[in-house]
Amino acid sequence: IAGIIGVLATCTNQSASQEQEEEQTVNSDEYYLEQGAEIAAASFKALSWRLMAAMKKGGVPEAVQYCNIAGLPLIDSLSEAHQVNIRRTSMKIRQPKDAPTPAEKKALDQYHAKFAAGEVLKPLVETNSAGDVAFYAPILLREACLKGHGKLGETLKEEDYDLIKGLYPKDEAIGYAPGDLRGIWSITFVKVTPSER
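Everything numeric in this text was worked out from a predicted model, so none of it was measured. (Residues numbered from 1 in each chain as written. Predicted model: local features only at pLDDT ≥ 70, side-chain atom pairs only at ≥ 80, totals over all residues. Heavy atoms only, no water.)

## Description of helix 2 (residues 102-116)
The end-to-end C-alpha distance of helix 2 is 21 Å, a good match for the 21 Å that 15 residues give at a rise of 1.5 Å each. Looking at the buried side of helix 2, the elements it contacts are strand 1 (85-89), strand 2 (124-127), strand 3 (133-140) and strand 4 (181-189). G118 occupies a position one or two residues after helix 2 and carries a positive phi of about 75 degrees. (Helix = DSSP H or I, 4+ residues; strand = E, 2+ residues; numbered from the N terminus. Expected span 1.5 Å × (residues − 1). Contact = heavy atoms within 4.5 Å.)

## Observations regarding a negative patch on the surface
A grouping of D29, E30, E34 and E38 is seen on the molecular surface, where their side chains present a negatively charged patch. You can see D29 is positioned in helix 1 (residues 2-82). Overall, the relative accessible area of 31% leaves D29 in the partly exposed class. (Patch = residues over 30% accessible without salt bridge, like charges linked within 9 Å, V, L, I, M, F, W, Y side chains within 5 Å. Areas by Shrake-Rupley, 256 points an atom, 1.4 Å probe, with all protein chains shown as cover. Salt bridge = Lys/Arg side-chain N within 4 Å of Asp/Glu carboxyl O. Lys, Arg positive; Asp, Glu negative; His and termini not counted. Charge placed at Lys NZ, Arg CZ, Asp CG, Glu CD. Buried < 20%, exposed > 50% of the residue type's maximum accessible area, 1.4 Å probe, protein only.)

## Here's the deal with the pairing of strand 3
In terms of strand pairing, strand 2 meets strand 3 through 4 bridges, oriented antiparallel. When the bridges of strand 3 are listed, V125 appears paired with F135. Adjacent in sequence and paired antiparallel, strand 2 and strand 3 are bridged by 5 residues, among which G131 carries a positive phi angle near 90 degrees. Of the pairings in the sheet, the one linking strand 3 to strand 4 comprises 8 bridges and is antiparallel in character. Among the inter-strand pairings, Y136 is bridged to a residue of strand 4, identified as S186. (Pairing = 2+ DSSP bridges.)

## Observations concerning the pattern of salt bridges
Taken as a whole and judged by the stated rule, the model has 4 salt bridges. With its nearest N and O atoms 2.8 Å apart, the salt bridge here joins E104 to R87. Taken together, the residues E104 in helix 2 and R87 in strand 1 connect sequence positions 17 residues apart. Of the two residues examined, E104 and R87, each falls in the buried class.

## Comments concerning the nonpolar core
Counting 19 residues, the largest nonpolar core has I86, F135, W185, I187 and F189 as the members making the most contacts within it. By residue number, the principal contributor to this core is helix 1, which donates 10 residues. In contact with I187, not counting residues within four places along its chain, are G36, I39, A40, V84, N85, I86, V133, A134 and F135. (Core = buried A, V, L, I, M, F, W, Y, C linked by side-chain atoms within 4.5 Å.)

## Digging into the side chain of R94
Among the structural elements, R94 can be located in the loop between strand 1 and helix 2. Residue classification places R94 among the buried positions, given a relative accessible area of 13%. At 2.8 Å, the side chain of R94 and the backbone oxygen of G148 are in polar contact. At 3.5 Å, the side chain of R94 and the backbone oxygen of A173 are in polar contact. The residues touching R94, leaving out its near neighbours within four places in the chain, are G148, H149, I164, Y168, K170, D171, A173 and I174. (Polar contact = N/O pair within 3.5 Å; in protein donor to acceptor, adjacent residues only side chain to side chain.)

Next up, the structure:
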């Protein structure tokens, strides 16, 4: 009888421990989904506000120059401010620095498959082998972005694309229509303990 009670107690403890771990994982996912969404929104706001100001000032040439000179430094400063690594990547990149990592490529594949199937695209979180958490969220193309990423000869002028190619010789990031899946936000949280949050 004592042996049976011992086995039951062990099973009960293991079950409770497993439930606790699952609950912590859910809470952790919710935390990173919330934090990632806030950082992505703040980053988008900072980038788009400056980009629209450049567009108003001098059209596509001014906006492209802004992106080329200030885009990455702004993302770097936002990464430092939030103590994360912020990236934007895509299957069709504008510059080599934005090429997806293997993990980002996997996330992009998932998003493109869901987009093709007409499914709703939602943010997701994943933990890598080092314990770092990656937040991914889709970037859908807005109408205002067509002047730099649209279809050549239609929403993207030839002369504007000549300028883009001059700054980004390996550019692939054109041919989009409004609402297309442009790429993803990729935000990596370096592993921290709960007390450091």
